[in-house]
Amino acid sequence: MGWFRKKEKPQEVVTEKKDLWTICPSCKAHVYKDEWDKNFSVCPQCNFHDKINWKERMDILLDPGTFREINDNVSTADPLEFKDSKGSYAEKAEATKVKTGMKEAVITGRGKIHGIRVVMAVMDFRFLGGSLASGTGEKILLASEYALRHKYPYIVVSASGGARMHEGIISLMQMAKTCAGVARLKKMGIPYISILTDPTTGGVSASFATMGDINIAEPKALIGFAGRRVIEETIKQKLPDDFQTAEYVLDHGFIDQIVNRKEMKNFLYKVLRYWKAK
Amino acid sequence: MGWFRKKEKPQEVVTEKKDLWTICPSCKAHVYKDEWDKNFSVCPQCNFHDKINWKERMDILLDPGTFREINDNVSTADPLEFKDSKGSYAEKAEATKVKTGMKEAVITGRGKIHGIRVVMAVMDFRFLGGSLASGTGEKILLASEYALRHKYPYIVVSASGGARMHEGIISLMQMAKTCAGVARLKKMGIPYISILTDPTTGGVSASFATMGDINIAEPKALIGFAGRRVIEETIKQKLPDDFQTAEYVLDHGFIDQIVNRKEMKNFLYKVLRYWKAK
Amino acid sequence: MNLDFEKNAPEIEEKIAELTKQKATDPNAKVDDQIVGLKKELDKVLKEAYAHLTPWQTVQVARHPNRPLLRDYIAGMCGEFIELHGDRCFGDDKGIIGGFATIADSHVMIIGHQKGKNLEDNVKSNFGMATPEGYRKALRLMKLAEKFKIPIITFIDTPGAYPGADAEARGQAEAIARNLTEMSQLEVPVIVVVTGEGGSGGALGIGVGDVILMLSNSVYSVISPEGCASILWRDGSKAPEAAEALKITANSLFKLGIVDEIIPEPIGGAHRDYDGTLQAVKQALLKHLNILRRVSERKLVDRRFEKYCRIGRFKHR
Amino acid sequence: MNLDFEKNAPEIEEKIAELTKQKATDPNAKVDDQIVGLKKELDKVLKEAYAHLTPWQTVQVARHPNRPLLRDYIAGMCGEFIELHGDRCFGDDKGIIGGFATIADSHVMIIGHQKGKNLEDNVKSNFGMATPEGYRKALRLMKLAEKFKIPIITFIDTPGAYPGADAEARGQAEAIARNLTEMSQLEVPVIVVVTGEGGSGGALGIGVGDVILMLSNSVYSVISPEGCASILWRDGSKAPEAAEALKITANSLFKLGIVDEIIPEPIGGAHRDYDGTLQAVKQALLKHLNILRRVSERKLVDRRFEKYCRIGRFKHR
Ligand SMILES: [Zn+2]
Ligand SMILES: [Zn+2]
């Protein structure tokens, strides 16, 4: 399992050489870092699925060496020249780019799953909370158009808090733009599979992420439209713990299956073999 | 209003010449028969919509003299040679035919609504409770095919307790058959308007009657799938009075509007003018 | 559950089980001949008992609690089953399940009613009575199959659609009607198998297809015999008479032109021999998949329409 | 509700009303000149006040409780309105209404958010915050319009989609996403008018169209200024700053290429002159209906797709 690069895994900052343990954020179990990594950042004790970055995701899902990035030139834009109390969006975006080595919150490309050609878009929560903005929307759309042209199935892995405020209305409109891409896949009979990981909320849940021919979620992933606090203020009531979990959303009919991370690739492979329309 | 023939109105059996009153089954008001009739068998006191026969319905909805019946040769069949404790279905059907002057529980034909050509199917509750059976299904399907061929809007007025047991599985299959006709109208862009009158339940509510591009109901009409008693036995609870009324069904999203009988023709006319696809 | 028309079959079965157990503990026990003899006798008794079932007796067999259920068929017939959940609107009914499945080399979408084997499962699935969510999930999966261009196989085994107040509120009628409408236009083959109870609109709601198959001891009816008896005979106990009059057995329905093929059950009924039943169903499905595979999309839809047009079309003057 | 930037306008209005009343009771009262003078003054004050509204002031106008609501537009603009109810699945939301309507000679489908004028109506319509049923009803009506081949006009005026637990349970996210997806493929013209608050996904859920119009004092934003301020400024009272930064006014959105045309409101805002506002909206709609009528179905869909593709497409190295 040589596909890890430690520097891309901020939740496991190695402070000292002898810091060999990861503490599970969910069950507090102490797990050997090595074991944690080999288990795809899933807690072997309680099956907690930790966030992972785009590279780790691609490595888990795609056949080794088959990933080819597309549209890697698309980067953040600053159409509003947005500034808040803490400074400018441009600076913030720049810092994020340096920190993550990414230009936007999603990486797109083609690759193979047990030999089946697919187009993949993987969101990365490290990049401004995986937020949907001009660059993100553009890449997700361009990838769906690429899938359409080549008649490859399209798979999107979401991890996002929603639309990026800093690009204002432009961010909002990416919801319509990405869905317009999905609509074209539907019309032409190209499979579109959506994988919802922790978290998939706001403008991303309310656009492409819930529109899969098949929607798959990782266990316990937070999935919902409005934020828990906003809802609690609206209904003047505490929400149950399982509210907006993948399990809750499955129960309410919006998810086809909850699939463990280590079984995800095989699941995709199995499902894609049913597509006979090519 | 010369379109009434008393003999077709069994709920107003004239026992003596001086029996000039109708007692409203709902509010018990005494209403002059003449007024009752002029008001389309709707109680002027409480707006109770009494059942009416096919001829009265056609007269209310179609321009005078425009109705031309189609497929009037289709009659009841007895594919099961059905007998129950009270005798044979064949005899029962024969008696019903004599009593109603109809051959089946629906009359179909073409006509005009303020000049707009339409195809109409009107169910008549007097004929074995307006039940859906081979002949009913056949006529409703043939009328939809007629509408399809001529590109005329199709309007069905339902009044039915559901499928007719005496024709067994053949009756059940008329649900699929009539819906197949509706599907072809949908596909070809021909408007299909469903009018649900009291009662529209069972196999009729679960087939063509709820599939209108526009579903209209008469006030207080009973509309539902399962019978009240069956449901109460299932949930071990009394149901509220308004359960399965048109108003209840409107509230639950399955009816576009509740329209008074006397406004129905104008409503249809107004709606049909929006169809520009011809 | 004992069926009285099976006569002494249960006793013979018990005796065989006893002797088999004896043999297992004492390999030298001289019981082989006796077992062979008893098995022959059992076959004879069952053959006789099942040769002339009345419609009402057939209803008892069709409802037998040990009869194979959809998950049994899937487990025995399918190389894999990828269950897919949810109607994308309100919920995930347990009374209708579905998903991708393989049968031999064929990739298909399987959808069907799922009764429970025990009370707990039956509560979850409303004893196989589906809610609107079930029918809407079914339709969603059918549309998915259509997009993926794979055949659809539906399994029918339900007392009827769930008659609850909430199911009414959420449009039980609309959900079934929508399915009838949309299924008539599906551009992939649809094979329907009635494996147990075909209960009225609740059955038909996933039962519009190109080919309708029926297990020999299953039934399919516009209304339950009990319901019909209590309305037309004004006496629920006349269900046997109603069952007879309604013509609900596979043979009657075949004669009426509703059922295209009867799948014979093993001697003594499906509940006695899962493997035999599953294999028979599997072979029938593979045969019809193979036939329908060769029909164009356009022709499938046209033929299906004509098939339903013909039902209840009689000569009139 | 008084808007502080309107300065002494309310007082002048009060005085005019007083004098008008006086004149009504005593036709000989010598007040005509005074009224004319006051009206001139009022115009001047209002013109000045509205000439340079800050974005946050614009938000106040957009949310003004006396601003015309969808039913006002319909009553004033449409020869007839045939309201159509229900999502055919679960319910009939009062937060989004719709139906057939005529505007001059045009037959159209009108769909839009409906806030309430009083508390009772607002409770019914969740203050114009739609539930999943609202979005699903909207989509059903759009599909109906597509079948009937008539243009669709949507009116946007919502603080956002309803953030209730039940709305989440029934798929608020899915309902909005479905609309975005389906609206992009509608084969009839879709004109969107933002008349008041364009609140995020709740607005966009009925806001995908060929032409986006906006009243001059309306706003449209990815998040409410208050929400943005409390997240990015960590202080809800910085809403005016957030409103500025988010570029949510008609002018800003026009410059950003999101809005195709700004409909100027009468002097002093839409809440001061219903008739002037309605007529302005009506004329703009008729103009665009006339233009879009000439575009083929195929081209409509292609152009709409390209329109949304271009939004947020910037040159990169
Ligand atoms: Zn753990
Ligand atoms: Zn009355």
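Residues numbered from 1 in each chain as written. Chains lettered and ligands numbered in written order. Predicted model: local features only at pLDDT ≥ 70, side-chain atom pairs only at ≥ 80, totals over all residues. Heavy atoms only, no water.

**A look at the coordination of the zinc ion (ligand 2)**
All names here are of chain B.
- Bound to the zinc ion (ligand 2) are the protein donor atoms Cys24 (SG), Cys27 (SG), Cys43 (SG) and Cys46 (SG), situated 2.2 to 2.3 Å from the metal.
- Coordination at the zinc ion (ligand 2) is tetrahedral, judged from the 4 donor atoms that bind it and the angles of 106 to 112° they form at the metal.
- Counting the intervening residues between successive donors of the zinc ion (ligand 2) yields the motif C-x2-C-x15-C-x2-C.
- With a relative accessible area of 0%, Cys24 lands in the buried category.
- For Cys27, a relative accessible area of 33% gives the class partly exposed. (Donors = N, O, S within 2.8 Å, 3.2 Å for Na, K, Ca; no water. Tetrahedral: all angles 85-135°; square planar, octahedral: opposite > 155°, others 65-115°. Buried < 20%, exposed > 50% of the residue type's maximum accessible area, 1.4 Å probe, protein only.)

**Comments concerning the pattern of salt bridges**
- Enumeration according to the criterion identifies 82 salt bridges over all chains in this entry.
- Asp213 of chain A is the partner of Lys186 of chain A in a salt bridge, and the nearest nitrogen-oxygen pair spans 3.6 Å. Here Lys186 of chain A is found in helix α5 (residues 168-188), whereas its partner Asp213 of chain A is found in the loop between α6 (202-205) and β10 (214-217), with 27 residues between them in sequence.
- You can call Lys186 of chain A partly exposed: its relative accessible area is 27%.
- Residue Asp213 of chain A is classed as buried on the basis of its relative accessible area, which comes to 9%.
- A salt bridge links Glu174 of chain D to Arg136 of chain D; its shortest N-O distance comes to 3.1 Å. Here Arg136 of chain D lies in helix α6 (residues 132-148) and Glu174 of chain D lies in helix α8 (residues 172-183), a separation of 38 residues in the sequence. With respect to class, Glu174 of chain D is no different from Arg136 of chain D; both count as buried. (Salt bridge = Lys/Arg side-chain N within 4 Å of Asp/Glu carboxyl O. Helix = DSSP H or I, 4+ residues; strand = E, 2+ residues; numbered from the N terminus.)

**Side note on the domain arrangement of chain C**
Residues and elements named next belong to chain C.
- Split into domains, chain C comes out as domain 1 (4-52) and domain 2 (59-310).
- A C-alpha centroid distance of 34 Å is found between domain 1 and domain 2.
- Every contact between the two is made by 8 residues of domain 1 and, on the other side, 7 residues of domain 2.
- Connecting domain 1 to domain 2 are 2 salt bridges. (Domains from an automatic or database assignment. Contact = heavy atoms within 4.5 Å.)

**Describing the interface of chain C and chain A**
- Every contact between the two is made by 23 residues of chain C and, on the other side, 27 residues of chain A.
- Sorting the residues of chain C by area buried against chain A places Arg88, Lys147 and Phe148 of chain C first, and these three jointly supply 37% of that buried surface.
- Along the contact surface separating chain C from chain A lie 4 salt bridges.
- The salt bridge involving Glu80 of chain C is made with Arg273 of chain A; its shortest N-O contact spans 2.9 Å.
- Listed by contribution, the elements that provide at least two residues to the side of chain C that touches chain A are β1 (78-83), β2 (96-103), β3 (106-113) and α6 (132-148) of chain C.
- Top element by residues in the side of chain C that touches chain A is α6 of chain C. It accounts for 4 residues.
- Partitioning the side of chain C that touches chain A into residue classes produces 10 nonpolar, 5 polar and 8 charged. (Buried area = accessible area lost by both parts, 1.4 Å probe. Nonpolar A, V, L, I, M, F, W, Y, C, P; charged D, E, K, R; others polar.)

**Digging into the environment of Tyr152 of chain A**
Residue and element names in this part refer to chain A.
- Tracing the backbone shows Tyr152 in the loop between α4 (134-150) and β8 (154-160).
- Its relative accessible area of 13% is what places Tyr152 among the buried residues.
- Spatially, the C-alpha atom of Tyr152 lies 8.9 Å from that of Arg110, the residues being 42 residues apart in sequence.

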